[in-house]
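# Structural overview for review
One letter stands for each residue in the lines below.
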Amino acid sequence: MANSINIDLGSLLPYFEEKLNSFIGRDMLSTTLKEIVRNVIQSGEQLSRSVQIVGMAQPIPIERIYQPTLLKNENFKPPQFCLQDLIERQQDAVIFAGPGFGKTTLLHWEYHHLRLKSSCLPLLFTLRWEGAVESLETIVSALQSGRHVTRDDKVRLVLFVDGYDEVSEDIRRRVSRTLMSYAALDVGQFYLTCREFYPIIDLKALHCRLASFCRDDSIRFIKAFAGVFSGSIDAELLFTELQGRGFADFLSHPLLLALVCILRTSANPNIPTNAIGLVRRAIDTLSFRWDASKSLHRGSGISLDGEERMRCLMRIAYRMDAMSSPAPRVEAAVKEHLHQIQMG
């Protein structure tokens, strides 16, 4: 991994502000707008420098743990690529993945490395944070006001917008409208993250997904984790052990692999001999603790809490006679469950 370059916020602000002048114009860079930009830069610096997932006792510098993640889209050439490729091609994109696959960390990593490049002005927005959507709208509105300013075409603005799925539908509409207006200005690109199965409202961009870890990715991640936490983990042995016990899905998923590493470096480092213990830990993290750690409450058309949803999924699994099942059988199991809890 490359060594981190430590830049204090006081040095970075004038650097960003000077770049912003070329998009908006010095005369239009009001005190209010400067304060908004200051807050965006400050939050971006704080968020992008370290990683701390559920179960970790302390944050880790991002360059010590992060493994470069590929994106995929079968209609793109090549079908697997890195985010830097899209930035160089000036291609907007929406990045989909399930919980814990590393969508947020990917944006933080790219922001962390772009912020000092002379050819880019990156800005990071975490939508669930108070005021983030308003800041995004204000900055794009200022860019529209400065559309006639003579700018350096060698500098591109890059908006990293995280957590489209973590806000309400009304806010998602606002974000889509704002990013459409931004794209029309042709001053840079945007990269928006979203969980799978959430619709993207009225926004045109390349849709891509995070690729799973390959064998080399998994082994590098385990070695990095062990190095940070001074754990005696034999990465090759752990990989073989997980694969042999039928935990291949854990090897391809960053969060689940981190959970295994946390268990391995704990006081009781033995991985459960059956899948139930490890799977229960994973379900607890992904279904309950992951959103709770962000203070998120997701809206739903059916008023079921997380525990009841898990019971419903267990009923579906019980009714299935193979790894996949026709939609009517799944729907019948759901209706049966809702009827039994007097909701259907």
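It should be emphasised that the depicted structure is a prediction, and the values quoted were computed from it without experimental measurement.

## Some words on the overall build of the protein chain
Along the protein chain, the regular secondary structure elements total 14 helices and 9 strands. Within the protein chain, the fraction of its 344 residues that count as buried is 47%. When contacts within the protein chain are restricted to residue pairs at least 6 apart in sequence, those whose partners lie at least 24 apart make up 73%. Element-wise, carbon and sulfur atoms account for 51% of the exposed surface of the protein chain, whose accessible area totals about 18000 Å².

## With respect to the packing of helix α8 (residues 215–229) against helix α9 (residues 235–244)
When two helices pack together, their arrangement is given by the angle between the helix axes and the distance between those axes. At a minimum axis separation of 9 Å, α8 and α9 run at an interaxial angle of 125°. As judged from the angle between their axes, α8 and α9 are oblique. Crossing handedness for the pair α8 and α9: right-handed. Residues Arg 215, Ser 218, Ile 219, Ile 222 and Lys 223 of α8 lie in contact with α9, whose contacting residues are Ala 235, Glu 236, Leu 238 and Phe 239.

## Focus on the packing of aromatic side chains
The final tally for this structure, using the stated rule, is 6 aromatic pairs. Between the aromatic rings of Phe 221 and Phe 225, the centroid separation amounts to 6.5 Å while the plane-to-plane angle is 35°, which identifies the pairing as tilted. Here Phe 221 and its partner Phe 225 are both found in helix α8, 4 residues apart, which amounts to about one turn of the helix. By way of ring pairs, the aromatic residues Phe 213, Phe 221 and Phe 225 are connected into one cluster. Between Arg 215 and the ring centre of Phe 239, over which it is positioned, the NZ or CZ distance is 5.1 Å.

## A few points about α9
Considered for burial, the residues of α9 that qualify are Ala 235, Leu 238, Phe 239, Glu 241 and Leu 242. End-on view of α9: buried residues confined to an arc of 165°, all on one side of the axis. Structural note: α9 exposes Leu 237 and Gly 244 on the side pointing more than 90 degrees away from its buried face. Among the residues of α9, the N-terminal cap falls to Asp 234, whose side-chain oxygen and the backbone nitrogen of Glu 236 are separated by 3.2 Å. Of the residues flanking the end of α9, it is Gly 246, one or two places downstream, whose phi is positive at about 85°.

## Examining the sheet that holds strand β5 (residues 93–97)
Spatial strand order, β4-β3-β9-β5-β8-β7-β6: 7 strands in an open sheet with mixed pairing. Bordering the open sheet on either side are β4 (80–81) and β6 (120–126), each of which pairs with just one other strand. Where β6 lies against strand β7 (residues 156–162), 7 bridges are found, and the strand directions are parallel. Note that in β7 the partner of Thr 126 across the bridge is Asp 162. Seen against the sheet, helix α6 (residues 132–145) touches β6 and β7 and runs at an angle of roughly 150° to β6.

## A look at the pairing of β6
Of all 7 residues in β6, 7 are buried; the element is thus mostly enclosed. Residues Cys 120, Pro 122, Leu 124 and Thr 126 of β6 are buried on one face, and the alternating residues Leu 121, Leu 123 and Phe 125, pointing to the opposite face, are buried as well.

## A few points about the pattern of salt bridges
Counting across every chain of the model gives 13 salt bridges. What emerges from the salt-bridge pattern is a single network uniting Glu 134, Glu 137 and Arg 174.

## Considering the environment of Ala 211
Within the fold, Ala 211 resides in the loop between β9 (206–210) and α8. Judged by relative accessible area, Ala 211 falls into the buried class, the value being 10%. Taking the C-alpha atoms as reference points, Ala 211 and Asn 73, 138 residues apart in sequence, are found 9.5 Å from one another. Every residue in contact with Ala 211, bar those within four places of it in the chain, is listed here: Thr 69, Leu 70, Leu 71, Lys 72 and Gln 80.

## Observations concerning the nonpolar core
Membership of the largest hydrophobic core comes to 95 residues, with the highest contact counts inside it found for Leu 83, Leu 86, Leu 159 and Phe 160. Setting aside chain neighbours within four positions, we find Leu 159 in contact with Leu 123, Phe 125, Leu 136, Val 140, Leu 179, Tyr 182, Gln 189, Phe 190 and Tyr 191.

## Describing the side chain of His 337
Examined against the element boundaries, His 337 turns out to sit in helix α14 (residues 327–340). Those residues within four positions of His 337 in sequence are excluded, and the remaining contacts are Glu 308, Arg 311, Cys 312 and Arg 315.

Basis of the calculations
Residues numbered from 1 in each chain as written. Predicted model: local features only at pLDDT ≥ 70, side-chain atom pairs only at ≥ 80, totals over all residues. Heavy atoms only, no water. Helix = DSSP H or I, 4+ residues; strand = E, 2+ residues; numbered from the N terminus. Buried < 20%, exposed > 50% of the residue type's maximum accessible area, 1.4 Å probe, protein only. Contact = heavy atoms within 4.5 Å. Areas by Shrake-Rupley, 256 points an atom, 1.4 Å probe, with all protein chains shown as cover. Axes fitted to C-alpha atoms, helices over the stretch in contact; angles between N-to-C directions. Parallel < 35°, antiparallel > 145°, perpendicular 65-115°, else oblique. Left-handed = near helix turned anticlockwise from the far one by under 90°. Phe/Tyr/Trp six-rings, centres within 6.5 Å; stacked < 30°, edge-to-face > 60°. Lys NZ or Arg CZ within 6 Å of the ring centre and 35° of its normal. Arc of directions from axis to C-beta. Polar contact = N/O pair within 3.5 Å; in protein donor to acceptor, adjacent residues only side chain to side chain. Pairing = 2+ DSSP bridges. Salt bridge = Lys/Arg side-chain N within 4 Å of Asp/Glu carboxyl O. Core = buried A, V, L, I, M, F, W, Y, C linked by side-chain atoms within 4.5 Å.

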